[in-house]
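# Per-entry structural report
Each chain, written out:
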Number of protein chains: 2
Amino acid sequence: MHHTDSHGGVRDEDLLRLDHQICFSLHAATRAFNGVYRVALRELGLTYPQYLVMLVLWEHGELPVKRIGEHLRLDSGTLSPLLKRLEAAGYVERRRSLRDERSVTVRPTTSGAALRERALGVPRRMAEVTGMDLEEVRDLRTRLRDLAAALDEAAQALDGGGGTDGGAR
Amino acid sequence: MHHTDSHGGVRDEDLLRLDHQICFSLHAATRAFNGVYRVALRELGLTYPQYLVMLVLWEHGELPVKRIGEHLRLDSGTLSPLLKRLEAAGYVERRRSLRDERSVTVRPTTSGAALRERALGVPRRMAEVTGMDLEEVRDLRTRLRDLAAALDEAAQALDGGGGTDGGAR
DNA sequence: ATCAATTCAGTTGTGCACAACTCAATTGGG
DNA sequence: CCCAATTGAGTTGTGCACAACTGAATTGAT
């Protein structure tokens, strides 16, 4: 069972080692990114996911929870408590839609809109501190986007018609 | 203040929009990656972070909690409960070091070692499903590693001297 | 008009990340 | 030798991600 090389002459052991490295690298990069934003966002009183939600709201002004979730690929299980905290902090306002009583519309308060001005410094400081120029940022964004798309597809493939054994959902 | 272009003629609004895109892309890519592994690891009864720990243990055989934490950049606050769950699942064994009573040594049980054979299929299926060849994987790993290093440095700079005006370095 | 299926927000439970802390074991300076 | 500082594991509390579920509002088929 040591001679399998179904992928370009790479042995299973090396594959596992490489997987270790790639998994760890992604995991570490994410947490490093998170850490930098954590520091940069501390003075704004926002966590990184809360910042993402505010970015969406600043851009669109007012959105139902469902739409925010679509923009960020997050479900209500994550967003509901997060939005309650943003509301408690005074940054957003939630109210039941009159059109559709199931839907809840979220929008920045005056305070939340004002926060945007202070937030403008964040990406500027990130750019300074990482030393990445616009080209690099755009390139990274594109790569990550493609990667995410490939992975989302992969998850579907695995989950649905999936692998060697059954593994029904 | 709409004319500020401290970074190559890019206005603050665009910077914020770009930050939105890059933040979201990384966040989404990470969660997508996580999702694929979640599916692939389901049959092994491991979560993604548990898989990372097992990868380290398979490679090194036996390590104190401290060393595992250094390999994965995780602290005892994260590792202690995770290792207790791995122990409850019967995959690892923990025992107090005789040399130093503060230290706890972790090593795979027979069952945990056997799990390695089944885990060999995981990176293979990941490779299949993402369609990335070895070169791409290695390239991505390198990029992520560099990014993480730059970000870790950045966090230090921000945290340490990076006060109100963000002058650091 | 009625009832079954769907949609949306929210809750519950599990696991991870991280800060701040406790406590025992070890180490080093006097 | 003794005590202060350090080290290593663990606990507590907060917040996020996600699965599975609840419950109310809406939609659709008959």
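Up top is the structure.
Residues numbered from 1 in each chain as written. Chains lettered and ligands numbered in written order. Predicted model: local features only at pLDDT ≥ 70, side-chain atom pairs only at ≥ 80, totals over all residues. Heavy atoms only, no water.

## Points about the protein's contact with DNA strand D
Close contacts around DNA strand D come from 27 residues, with Thr78 and Arg85 of chain A together with His27, Lys66 and Ser76 of chain B the closest. The contact atoms of DNA strand D, taken as those within 4 Å of the protein, divide so that sugar and phosphate hold 77%. Interatomic distance of 2.9 Å between a side-chain N/O atom of Thr47 of chain A and a phosphate oxygen of DNA strand D. With respect to DNA strand D, the side chain of Ser76 of chain B contributes an N or O atom lying 2.6 Å from a base nitrogen. (Near = heavy atom within 4 Å. Polar contact = N/O pair within 3.5 Å; in protein donor to acceptor, adjacent residues only side chain to side chain.)

## Examining the interface of chain A and chain B
On the side of chain B, 73 residues touch chain A, which itself brings 73 residues to the contact. Buried area between chain A and chain B, summed over both chains or domains, comes out near 7400 Å², and the portion from carbon and sulfur atoms is 71%. At the boundary of chain A and chain B, one finds two salt bridges. Across the pair Arg17 of chain A and Glu59 of chain B runs a salt bridge, and its minimum N-O distance is 3.3 Å. Here chain A is connected to chain B by nine residue pairs in polar contact (both at pLDDT 80 or more). Taken together, the elements giving at least two residues each to the side of chain A that touches chain B come down to α1 (12-42), α2 (48-60), α3 (65-72), α5 (110-119), α6 (121-130) and α7 (134-159) of chain A. (Contact = heavy atoms within 4.5 Å. Buried area = accessible area lost by both parts, 1.4 Å probe. Salt bridge = Lys/Arg side-chain N within 4 Å of Asp/Glu carboxyl O. Helix = DSSP H or I, 4+ residues; strand = E, 2+ residues; numbered from the N terminus.)

## So, unusual backbone geometry
Positive phi outside glycine occurs at Arg73 of chain A, with the angle close to 55°. Of note, Arg73 of chain A is situated in the loop between α3 and α4 (76-88).

## Some remarks on the environment of Gly121 of chain A
All names here are of chain A. Relative to the helices and strands, Gly121 is located in helix α6. Classification of Gly121 by relative accessible area gives buried; the value is 16%. Distance in space between the C-alpha atoms of Gly121 and Leu41 is 9.9 Å, their sequence separation being 80 residues. (Buried < 20%, exposed > 50% of the residue type's maximum accessible area, 1.4 Å probe, protein only.)

## A closer look at the packing of helix α1 (residues 12-42) of chain B against helix α6 (residues 121-130) of chain B
All names here are of chain B. Put simply, α1 and α6 touch, their axes get as near as 10 Å, and they point 135° apart. Comparing the axis directions of α1 and α6 gives the class oblique. Classified by chirality, the crossing of α6 by α1 is right-handed. Across from Val36, Tyr37, Ala40 and Leu41 in α1, the residues of α6 making contact are Val122, Met126 and Val129. Class assignment for the residues of the contact of α1 with α6 results in seven nonpolar, no polar and no charged. (Axes fitted to C-alpha atoms, helices over the stretch in contact; angles between N-to-C directions. Parallel < 35°, antiparallel > 145°, perpendicular 65-115°, else oblique. Left-handed = near helix turned anticlockwise from the far one by under 90°. Nonpolar A, V, L, I, M, F, W, Y, C, P; charged D, E, K, R; others polar.)

It is worth stressing that arrangement in space is one thing and function is another; only the former is reported here.
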